[in-house]
Amino acid sequence: MTEVSDREPPRRRVPGPARPVRPDARRRPGPGARPARRPVPARGAARRTIRLGSARPRLRLVGLALTLVLLTFVGRLLQVQAVDASAYAAKADQNRYVGHTLAAVRGKITDRSGVELATSVDAYDITADPTMFTPQSTKTPDAPEQAAALLAPILGQDAAALTRKLKTPHTRYVLLAQRRTPQVWNQIKDLKSTLAAKAEPGTFSVLAGVLAVPTSKRVYPNGDLAAGTLGWVNADGQGGGGIEQQLNKQLAGKDGKIRYAQSGGRLVPTAGSAETPAVAGSDIELTIDRDIQWAAQNAIAEQVQKSKADRGYVVVQDARTGQILALANAPGFDPNDLSKASPAALGNAALQDAYEPGSTAKVMSMAAVLQENVATPMTHVTVPNRLHRGDRLFQDDIDHKTWYLTLNGVLARSSNIGTILATGQLGKTQEEANRVLYSYLRKFGIGSPTGLGFPGETKGILAPPGTWSTSQQYTIPFGQGVSLSAVQAASVYSTIANGGVRVEPTLVRGTKGPDGRFVPAPKPQENRVVSEKTARTLSQMLESVVDDEQGTGVKARIPGYRVAGKTGTANRVDPAIGKYRGYTSSFAGFAPADNPRVTVYCAIQNATKGNYFGGQICGPIFKQVMEFALKSLQVPPTGARAANLPVTFTP
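Reading guide: rules and limits
Each chain carries its own residue numbering, running from 1 in the direction its sequence is written. pLDDT decides what is reported in this predicted model: residues at 70 or higher carry local features, side-chain atom pairs at 80 or more are listed and counted, and totals for whole chains, interfaces and linings draw on all residues regardless. By convention in this description, side-chain values take in all heavy atoms of the structure and omit both hydrogens and water. UniProt positions are given in the numbering used here, feature names are shortened, and annotations may be inferred rather than shown by experiment. Only DSSP runs of H or I reaching four residues or more are called helices, and only runs of E reaching two or more are called strands; each is numbered from the N terminus. The span expected for a helix works out to 1.5 Å for each residue beyond the first. Three labels apply to residues, based on accessible area from a 1.4 Å probe with only protein chains included: buried if under 20% of the type maximum, exposed if over 50%, partly exposed otherwise in between. Arc, as used here, means the arc of the directions from the helix axis to the C-beta atoms. Contacts are assigned to residue pairs that have any heavy atoms within 4.5 Å of one another. Surface patches are defined over residues having more than 30% relative accessible area and no salt bridge, joining like charges when they lie within 9 Å and nonpolar side chains (Val, Leu, Ile, Met, Phe, Trp, Tyr) when within 5 Å. A 1.4 Å probe and the Shrake-Rupley method give the accessible areas. Residues count as covered only by the protein chains that appear here. For this analysis, a salt bridge means a side-chain nitrogen from Lys or Arg found within 4 Å of a carboxyl oxygen belonging to Asp or Glu. Only a pair of cysteine sulfur atoms within 2.5 Å counts as a disulfide in this structure description.

An unreviewed UniProt entry annotates the protein chain as Cell division protein of Streptomyces colonosanans. Among the UniProt annotations of the protein chain, the heading Subcellular location (unreviewed entry) holds the following wording: "Membrane".

Following this line, the structure appears as structure tokens:
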């Protein structure tokens, strides 16, 4: 029998048929109604599940991209700051910093008393930064053209040339003009200020990129005085001639350097700036006396103009020391403005011209004759009107009957024939006489540099005696067929005045460095050419040229002083055609004759108006310059009487 429990198992709820739902039931639930449930799908029916995508792949992709970008930046940063740091720093400095040379102040050139003959004054190099003339910087398409038009009249330059400089690419520095005066730079600064006030904010004016670098400018306070000796300084600041060129290294000093930052055309003080100071040049003190130089230059310039000559020179020398007190040339030039100078006038013709001296050279022939004891001042010399020697017929400057002259008279009357006869006694043969005469010419410095070391200086022309032509061996004794310079000629007479001892000419007394210490020039070389007795005898013979009424140098007399001198009139080789044309007129001498102090030599080339004889046109110049020099140096008159050696003899 089956026992039935009184608890019944729960009944499974079987869903009945779905009730129809009104369309608006969901829209308008009643008050307090519960939200409708989402129908549960029947068992066995397929379920649709919507899931969100995973973010990890996307994050990985973004992270990778960011990593690559950061690595790129890091790599570039390492390259800029580590690998290529120096190169980029250099580029930055190149654009930011500007370097310039600081020109050293050039030393002065003074005369023997310290009077300035050449000096330097403040000046400015006008420069520009081309990057500041671009359309981007100035907002002006033609800024270089406008700037050039404004600067051209101030700088005295062509506007087109300035425009090209202002358009120079790939640089922040161009030089527009050198060594302009402070007034020029002030004019540019005033114009810059005016334009800057009118410029739009954030832009540069058309002149903002124009700058100035302080420097110096060479000036010659006395104009053309001693220009041939001083020379000039070229556009590069280097000596272009004369002492400026010869002693350029001492005068120039040592340039310095400066490096600074700039912005907007203005200098910016910065720790990156650096400066190496310039070392000033040494001052040069010459032997030239400014006042005597003026007297000599004025005298020769007037005579050259009056005679319508090609040129002329005057040399004034201290007979005892060899120091040159004046070195004058005409025509000259003004080193302050070489644009107006004639190319033929540049240089120093008194040292650079080689010419046949004529009868002023006879003093060397007479020195040889006296020193070799083949004649005395009283020796009788019979001088015919013509003398046949070799292949030529020789004559004196004038026709004359037979002259009966002493050796002293041969010099006083400047007889070519008498000189040939006297020097012929120097050897048993003409060849031997030639060798003896040649040796004395060399001792007097002919054919050798003077010792000055001057740029372009000539040593003269003296051929060895073995090469002398048939005519040369007879013309050289009276100064034709041999060439020298004006300074060499003056040195010959200073040798006689100095007792027969030749002292090398000097132009420089010494130098004064930046420390102010004066260093004297080296002592010049000395050598004895003839004995003191011979030199004294020659002085007495040279006095006859001036004092005796028959002498050729009477126009060189100076009241109160004994004067020894010699005239010269030589056939001149015209350098343009290479043939003889015109004359070289000259006079050389010293005073006081019994106690010589000053030597003066004058020569004029190719006088074409008036008299051309040396005693007539150079004798007065000698007198004028010598008188001034004696007074300037306060040389007292001697008062002693001259020897008055005889000029003629009675046969």
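## Some thoughts on helix α20 (residues 619-632)
Compared with the 20 Å implied by 1.5 Å per residue over 14 residues, the 20 Å span of α20 between its first and last C-alpha is a close match. By the burial criterion, the buried members of α20 are Gly-619, Ile-621, Phe-622, Val-625, Met-626, Ala-629 and Leu-630. Projected down its long axis, α20 shows its buried positions confined to an angular sector of 150°, all on one face. Against the buried residues of α20 lie α10 (290-307), β12 (311-318), β23 (579-591), β24 (598-605) and α19 (614-617). Gln-634 occupies a position one or two residues after α20 and carries a positive phi of about 55°.

## A short note on unusual backbone geometry
In this model, Ala-330 is joined to Pro-331 through a cis peptide bond whose omega is 0°. Mapping Pro-331 onto the fold places it in the loop between β13 (324-330) and α11 (349-352). In this structure, the amide linkage connecting Ala-591 to the following residue, Pro-592, adopts the cis form with an omega of -15°. Along the polypeptide, Pro-592 turns up in the loop between β23 and β24.

## Here we look at a nonpolar patch on the surface
Where nonpolar side chains cluster on the molecular surface, the patch consists of Leu-64, Leu-68 and Leu-71 and spans about 310 Å² of accessible area. With respect to the helices and strands, the residue Leu-71 is situated in helix α1 (residues 56-83). Exposure remark for Leu-71: the relative accessible area of 53% places this residue in the exposed category.

## Concerning the state of the cysteines
With the rule as written, the count across this model stands at 0 disulfides. Of all cysteine sulfurs, the one in Cys-602 lies closest to Cys-618, which takes part in no disulfide; the gap is 3.2 Å. The buried category is assigned to Cys-618, whose relative accessible area is 0%.

## Digging into the environment of Ile-476
Among the secondary structure elements, Ile-476 is positioned in the loop between α16 (472-475) and α17 (486-497). Sequence separation between Ile-476 and Lys-362 is 114 residues; the distance between their C-alpha atoms is 9.0 Å.

## Observations concerning the pattern of salt bridges
Per the stated rule, a full pass over the model turns up 17 salt bridges. Ionic pairing is found between Arg-562 and Glu-543, a salt bridge with its closest N-O pair at 2.8 Å. You can see Arg-562 sitting in the loop between α18 (532-547) and β22 (564-574) and its partner Glu-543 sitting in helix α18, a full 19 residues away along the chain. Side by side, Arg-562 and Glu-543 carry an identical accessibility label, which is buried. Where salt bridges share partners, they join Arg-106, Arg-218 and Glu-244 into one cluster.

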